[in-house]
Amino acid sequence: MVDYREKLVEKRLRSISQVVMVTGGKGGVGKSLIASTAALLLSRSSNRTGLLDLDLHGPSSCFILGVKEAPVESEEGLVPPVVEGVKVMSIDLLARGKPLPLRGHAKEEVVKEMLALTAYGELDYLLVDLPPGTGDELLTVSRYVRVNGVALVVTTPTQLAVNVARKVVEILSSIPVRIAGIVENMSGGGATSPSRDLAREMGVEFLGSIPYDLALNSLVGKIGGRELLSTNFAESLSYILKKAGFKIT
C-alpha cells in the first residue's frame, strides 16, 4: 500500500533549504533551548525560519517561546503559529498539553504525520528539536533529510553526556547526515573538556562552548523571544552558529 504522506513529506522538504537537527542523545543538555534560540537568531537575521519540536514525550519549545495559539487548518495543511518571525509546530499544540503514551512504530507515525501536514511554506531553515536518545524520532527525520539536512550535536562538559553523544555521531555518520559540529552547553570555561576530545576523536568540528548561565534557568518560560535574544546565552550561540556556516548577521 502506498503511503501518501511519503510524497507529501518530500514536497514539504523541497521548499526548505536546510533542515537543522538539534540532537545530542542525553537528556538535560539544553537541546530545546538551543533549538528555540537558534531559530530566533536565524529569524532575526532575515531568514525564513521554522521550528519543529519532535520531543514527543517532553516538548518544551512552546513553553520556552510562550506559544499558546493552535495551528490553523487550511487547504495547504496545518499553518503553525508565529513567534518573532519563527513558525513553530509542536506535538504539544496538538495534544493540548496532555501526555502521549507512544512507543515504537507509533512514534514514527506521529513524526511522519507532523512532517506531512505542517504547512511551513518556503523556508531557509527548519530547526528540529529532537528528544534524548537514538530512537525513532532521530532515525525517521534523518531518513528524509539526507540531502538538505545537517546536525548540531549538543553535549555538556561531562563524560556521561559525551558518551551518549558519541553514539549519536556514529549513527548520523552511518546514515549519512552531515554533522555541522559539536556544541558544548553549560560550560565551566575550562581549557579542555571531553566534548573537545570527542570532536577530535570523531573527526567532527568543535563549534564552541556556551557558558553556564544560572540566571537563564529562572527566566525560561517567563520571558519572550525578544528578551531571550538579549541574553549572554544567545550571544554565545550566535557566535557558534556563525562558525557552523549559518546565515547570522
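Here the structure is shown first, and the text comes after it.
Just so it is clear, the model here is predicted, and its values are computed rather than measured. (Residues numbered from 1 in each chain as written. Predicted model: local features only at pLDDT ≥ 70, side-chain atom pairs only at ≥ 80, totals over all residues. Heavy atoms only, no water.)

K.L.:
Explain helix α5 (residues 105-117) to me, and be specific about the residues and the numbers.
P.N.:
For α5, built from 13 residues, the straight-helix expectation of 18 Å at 1.5 Å per residue is met to within 8% by its first-to-last C-alpha distance of 18 Å. Those residues of α5 lying buried are K107, V110, V111, K112, M114, L115 and A116. Residues of α5 that are buried in the fold lie against α1 (4-14), β2 (49-53), β6 (86-90), α4 (91-95) and α6 (136-144). (Helix = DSSP H or I, 4+ residues; strand = E, 2+ residues; numbered from the N terminus. Expected span 1.5 Å × (residues − 1). Buried < 20%, exposed > 50% of the residue type's maximum accessible area, 1.4 Å probe, protein only. Contact = heavy atoms within 4.5 Å.)

K.L.:
Quick one: what's the story with empty space enclosed by the protein, residue by residue and with numbers?
P.N.:
What the rule picks out here adds up to one cavity of 30 Å³ or more. In this structure, the largest cavity occupies an estimated 40 Å³ of space. Taken together, R12, L13, I16, M114, L115, T118, Y120 and L126 form the lining of the largest cavity. When residues of the lining of the largest cavity are traced back to their parent elements, those giving at least two are α1 and α5. (1 Å grid on protein atoms, 1.4 Å probe; cavity = no way out; pocket = protein on both sides within 12 Å on 5 of 7 lines; lining within 4 Å. Points joined across faces, edges and corners; volume = space filled by probe spheres on them.)

K.L.:
A description of the layout of surface pockets should follow, citing residues and the corresponding values.
P.N.:
In this structure, the largest pocket occupies an estimated 350 Å³ of space. The wall of the largest pocket is formed by 25 residues, among which V29, G30, K31, L33 and M186 lie closest to the centre. Considering every element that reaches the lining of the largest pocket, the biggest residue donor is helix α2 (residues 31-44), with three residues. Its residues placed into classes, the lining of the largest pocket shows 13 nonpolar, eight polar and four charged. (Nonpolar A, V, L, I, M, F, W, Y, C, P; charged D, E, K, R; others polar.)

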